[in-house]
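So you can see what is in the structure, the chains are spelled out below.
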Amino acid sequence: MKEVLHTKKFKILLFAVLVLFGFSIFSGSGGIMASALSVVSIPTQRVSTSVSNNAAVAAQNASASKEDLLAENQQLRDRISELETQLVDYYDLKKENAQLYKYLDMKQENPDFKPVAASVIGRDPNTLYCFTIDQGTNSGISVNDPVVTDEGVVGWVSAVNSISAKVTTILSPDTKIGGLTESSSNAGATDKVTGDSGVIATNIKLSDQGLIKLQYLTAETKAKAGDIVVTSGLGGLYPANLKIGTITSIEHEEYDVSLYALVKPFVDVTTVRDVMVLTEFDGQGEILSAGDSSGIFVSSDSSSSSESSGTSSASSSEGSSSSSNSSSSASSNSSSSSSSSR
Amino acid sequence: MNRYSILRWLAYGLELFILFILQETPGLSISILGEKAFLLLPAALSIALFETNLPAMSFGIVAGVLADFGMGHPPGFHAILLAVLCFFLSELATNLIHTNFLTGLLTGLAGCILVLFLQWFVMCLMAGSEFPEYIFVRHYLPRLACTAIPIPVFYYFNRALGLFIREKE
């Protein structure tokens, strides 16, 4: 066995390891190799996901009675003969229309949104609470773009290449909506009923229960079970008033006296199939303080407003873009990409 | 290198690509407690048993690059790990051990345990994740279980490819 270490083949192995090591250090997740691989794999994944989804639907129908199936069979045969006269791309347009129709209300309420429809085509076994979508930089998607459905926030784009992107969901411990400065609570999420604000985060134990938490609630919080939590739009990463979830309970932190709320997200990120990526919206990349006169932060809690109104420009960021930063510590959305993998 | 070798390598490449698609597509691969099987891993390890060290290393790299791509990372961690593992596994199979079902099963299992443990160690423990022991028990052990289940299938499949697509002596 020791002779192996002196062979030419072992030297080739060492060379290959060095090349791969250099590649991993100097290339980004959106590099040439990733783009090249995605050109081959993404269309195949689209097809296989479509087949898998249709098979799941067919399996559900298998439990129906024989008479029902025969009647449905005849009905479907008649329908098929009708559909054969339709245009070749009718199904593609119908699917796209149904998908986009769900977002029509959102678009009408928020005309500044520039959404890109995408489908979930892959869930890697080595990552937790992340998935791959079939749109990338070619569609205008970039890292840190928020990902939503008509039901609420799904997550954010953590890596992107030309025709696909990786989405880290709100159940991932790497996601934090909003940030906290040394001198103020610069909230990223708000209780819509009471106006209490905090930071959405989670840990793996809560994620496995399908829960996230709204941290840094004040001791005078009026938040209670049943309240709806929305984004505040302060961090510049998520637009304001996107639904996140419903408070299930208020708890004390384990190691200090602060309070947090357990939140059940509206969107089941483990089964979602179609999403929308917001590539542009008003206020994107602009970090605002809670007392900013632009009125993006809405609070009915007068004590928290006065506490935060005296702060200078906030330094917390939900992403990497910020034009003015103080020296305050802030928690950001993305840690290194390796920590999002499990 | 002859046409049988090229044909065999194309078959291995196609196999790894199909397995990558299978493991990525929701609902298509084995799942235990919500954890999906890392199908590329036992496939690359079983290919290494039936090939010489350089081709084994190459397919380890291919499987590792696909795994890193699926995670959204640049090729690195899995590519290097599987390259080294498959190289030495091939050496082992060529010079030290007799390749049969039992050794295939044991080497496959050992390789899966090693890779997943290192994955947890680097991406979870060293990365400073909260509750690493919980992640190991709740996520990595089920993942190891469903990754290990198809080892016999990959062994026999790649054994068939390795033996039958070969120049007759």
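Because the structure is a prediction, the values reported are computed rather than measured. (Residues numbered from 1 in each chain as written. Chains lettered and ligands numbered in written order. Predicted model: local features only at pLDDT ≥ 70, side-chain atom pairs only at ≥ 80, totals over all residues. Heavy atoms only, no water.)

Chemist: An account of the overall build of chain A is needed here, citing residue identities and associated values.
Modeler: Counting its regular elements, chain A contains seven helices and 12 strands. Evaluated residue by residue, chain A yields a buried proportion of 47% over its 342 residues. Counted over contacts in chain A with a minimum sequence separation of 6, partners at least 24 positions apart contribute 64%. Of the roughly 16900 Å² of accessible surface on chain A, a fraction of 55% belongs to carbon and sulfur atoms. (Helix = DSSP H or I, 4+ residues; strand = E, 2+ residues; numbered from the N terminus. Buried < 20%, exposed > 50% of the residue type's maximum accessible area, 1.4 Å probe, protein only. Contact = heavy atoms within 4.5 Å. Areas by Shrake-Rupley, 256 points an atom, 1.4 Å probe, with all protein chains shown as cover.)

Chemist: Pulling in residues and values, what's your account of the overall build of chain B?
Modeler: If you tally the helices and strands in chain B, you get seven helices and two strands. Each helix (α) and strand (β) of chain B, taken in turn from the N terminus, gives the series α-β-β-α-α-α-α-α-α. A globule of 169 residues ought to have a C-alpha radius of gyration of about 15 Å, and chain B, at 16 Å, matches this closely. Overall size of chain B, expressed as C-alpha extent along the three principal axes, is 55 × 30 × 25 Å. Burial statistics for chain B: of 169 residues in total, 56% are counted as buried. Taking the contacts inside chain B whose residues are at least 6 apart along the sequence as the reference set, 72% of them involve residues at least 24 apart. Within the structure as shown, chain B displays about 7100 Å² of accessible surface, and the carbon and sulfur contribution to it stands at 74%. For chain B, the separation between the mean place of its 8 positive charges and that of its 10 negative charges on side chains is 10 Å. (Rg over C-alpha atoms; globule rule 2.2 N^0.38 Å. Lys, Arg positive; Asp, Glu negative; His and termini not counted. Charge placed at Lys NZ, Arg CZ, Asp CG, Glu CD.)

Chemist: Before we move on, could you go through the interface of chain A and chain B and cite the residues and values that matter?
Modeler: Interfaces are often sized by the amount of accessible area the parts lose when they come together. Facing 48 residues of chain A, the contacting portion of chain B comprises 50 residues. Between chain A and chain B the total buried area reaches about 4100 Å² when both faces are included, carbon and sulfur atoms providing 71% of it. Put simply, chain A and chain B have zero salt bridges between them. At the boundary of chain A and chain B, one finds nine residue pairs in polar contact (both at pLDDT 80 or more). When residues of the side of chain A that touches chain B are traced back to their parent elements, those giving at least two are helix H1 (8-26), helix H2 (32-61), strand S1 (114-122) and helix H6 (204-208) of chain A. Partitioning the side of chain A that touches chain B into residue classes produces 20 nonpolar, 21 polar and seven charged. (Buried area = accessible area lost by both parts, 1.4 Å probe. Salt bridge = Lys/Arg side-chain N within 4 Å of Asp/Glu carboxyl O. Polar contact = N/O pair within 3.5 Å; in protein donor to acceptor, adjacent residues only side chain to side chain. Nonpolar A, V, L, I, M, F, W, Y, C, P; charged D, E, K, R; others polar.)

Chemist: Go over the packing of H1(A) against helix H3 (residues 53-71) of chain B with me, naming the residues and quoting the values.
Modeler: Their axes nearest at 10 Å, the elements H1(A) and H3(B) cross at an angle of 15°. Judged by the inter-axis angle, H1(A) sits roughly parallel to H3(B). The way H1(A) lies across H3(B) gives a crossing that is right-handed. Between H1(A), through Lys9(A), Ile12(A), Leu13(A), Ala16(A) and Leu20(A), and H3(B), the contact on the second element is made entirely by Asn53(B), Leu54(B), Met57(B) and Ile61(B). Taken together, the residues of the contact of H1(A) with H3(B) sort by class into seven nonpolar, one polar and one charged. (Axes fitted to C-alpha atoms, helices over the stretch in contact; angles between N-to-C directions. Parallel < 35°, antiparallel > 145°, perpendicular 65-115°, else oblique. Left-handed = near helix turned anticlockwise from the far one by under 90°.)

Chemist: Which residues make up a nonpolar patch on the surface, and what values go with them?
Modeler: Residue and element names in this part refer to chain B. Together, Phe117, Phe121, Val122, Leu125 and Met126 make up an exposed nonpolar region whose accessible area comes to about 430 Å². Mapped onto the elements of the fold, phenylalanine 117 is located in helix H5 (residues 101-125). Of the residues examined, phenylalanine 117 reaches a relative accessible area of 40% and is grouped as partly exposed. (Patch = residues over 30% accessible without salt bridge, like charges linked within 9 Å, V, L, I, M, F, W, Y side chains within 5 Å.)

Chemist: Explain the confidence of the model for chain A residue by residue, including any values.
Modeler: Interpretation of this model should avoid reading the predicted coordinates in detail wherever pLDDT is low. All names here are of chain A. When pLDDT is averaged along chain A, the result is 73, and 72% of the positions lie at 70 or above. Segment residues 179-187 is flagged for pLDDT under 50; beyond a separation of four residues in sequence, or across chains, it makes 34 contacts in the model. The low-confidence segment residues 290-342, where pLDDT is below 50, has 117 contacts with residues more than four positions distant or belonging to other chains. (pLDDT = per-residue confidence, 0-100.)

Chemist: Tell me what's going on with helix H7 (residues 151-164) of chain B, and back it up with residues and numbers.
Modeler: All names here are of chain B. The first and last C-alpha atoms of H7 sit 20 Å apart over 14 residues, in line with the 20 Å expected at 1.5 Å per residue. Every buried residue belonging to H7 is among Ile151, Phe154, Tyr155, Asn158, Leu161 and Gly162, and all of these are buried. For H7, the angular spread of buried residues about the axis comes to 140°, placing them on one side. Opposite its buried face, H7 presents the exposed residues Val153 and Phe164, each directed more than 90 degrees away. Looking at the buried residues of H7, the elements they touch are helix H1 (3-24), helix H2 (40-49), H5 and helix H6 (132-148). (Expected span 1.5 Å × (residues − 1). Arc of directions from axis to C-beta.)

Chemist: So what about the confidence of the model for chain B? Which residues, and what values?
Modeler: Residues and elements named next belong to chain B. Taken as a whole, chain B shows an average pLDDT of 91; of its residues, 98% reach a score of 70 or greater. Element-level mean pLDDT values for chain B span from 85 in strand S1 (residues 31-32) up to 96 in H2. Per the prediction output, this complex has pTM 0.73; the corresponding ipTM is 0.84.

Chemist: I'd like a description of the environment of Lys264(A), backed by residues and values.
Modeler: All names here are of chain A. Examined against the element boundaries, lysine 264 turns out to sit in strand S11 (residues 259-265). The sequence separation of lysine 264 and glutamate 253 amounts to 11 residues, and the corresponding C-alpha distance is 18 Å. Among residues more than four places away in sequence, those in contact with lysine 264 are Gln209, Gly210, Leu211, Ile244, Gly245, Thr246 and Thr248.

Chemist: Give me the sheet that holds strand S4 (residues 153-160) of chain A: which residues, what numbers.
Modeler: Residues and elements named next belong to chain A. Read once around its circumference, the closed barrel built from six strands follows the order S1-S2-S5-S4-S3-S12, with strand pairing classed as antiparallel. Taking each pair of neighbouring strands and ignoring which way they run, the sheet shows an average axis angle of 45°. Examined bridge by bridge, strand S2 (residues 130-133) and strand S5 (residues 165-169) share four bridges and lie antiparallel to one another. Residue pairing for S5: cysteine 130 is matched across the bridge by threonine 168. (Pairing = 2+ DSSP bridges.)

Chemist: Run through unusual backbone geometry, naming residues and quoting values.
Modeler: Backbone geometry at Asn241(A) places phi at a positive 65°, although glycine is not the residue there. Within the element layout of this structure, Asn241(A) appears in the loop between strand S9 (228-231) and strand S10 (243-252).

Chemist: Let's hear about empty space enclosed by the protein: which residues, and what values?
Modeler: A complete count under the given rule lists five cavities of 30 Å³ or more for this structure. For the largest cavity, the calculated volume is near 150 Å³. At the level of secondary structure, the elements contributing two or more residues to the lining of the largest cavity comprise H2, S4 and S5 of chain A together with H1 and H3 of chain B. When the residues that make up the lining of the largest cavity are grouped by side-chain class, the tally is eight nonpolar, eight polar and two charged. (1 Å grid on protein atoms, 1.4 Å probe; cavity = no way out; pocket = protein on both sides within 12 Å on 5 of 7 lines; lining within 4 Å. Points joined across faces, edges and corners; volume = space filled by probe spheres on them.)

Chemist: Describe the pairing of S2(A), and please don't skip the residues or the numbers.
Modeler: All names here are of chain A. Side-chain alternation along S2 places Cys130 and Thr132 on one buried face and Phe131 and Ile133 on a second face that is also buried. Taken together, the two bridges between S1 and S2 define a ladder with antiparallel strand orientation. Each bridged residue has a counterpart across the sheet, and for glycine 122 the counterpart in S2 is threonine 132.

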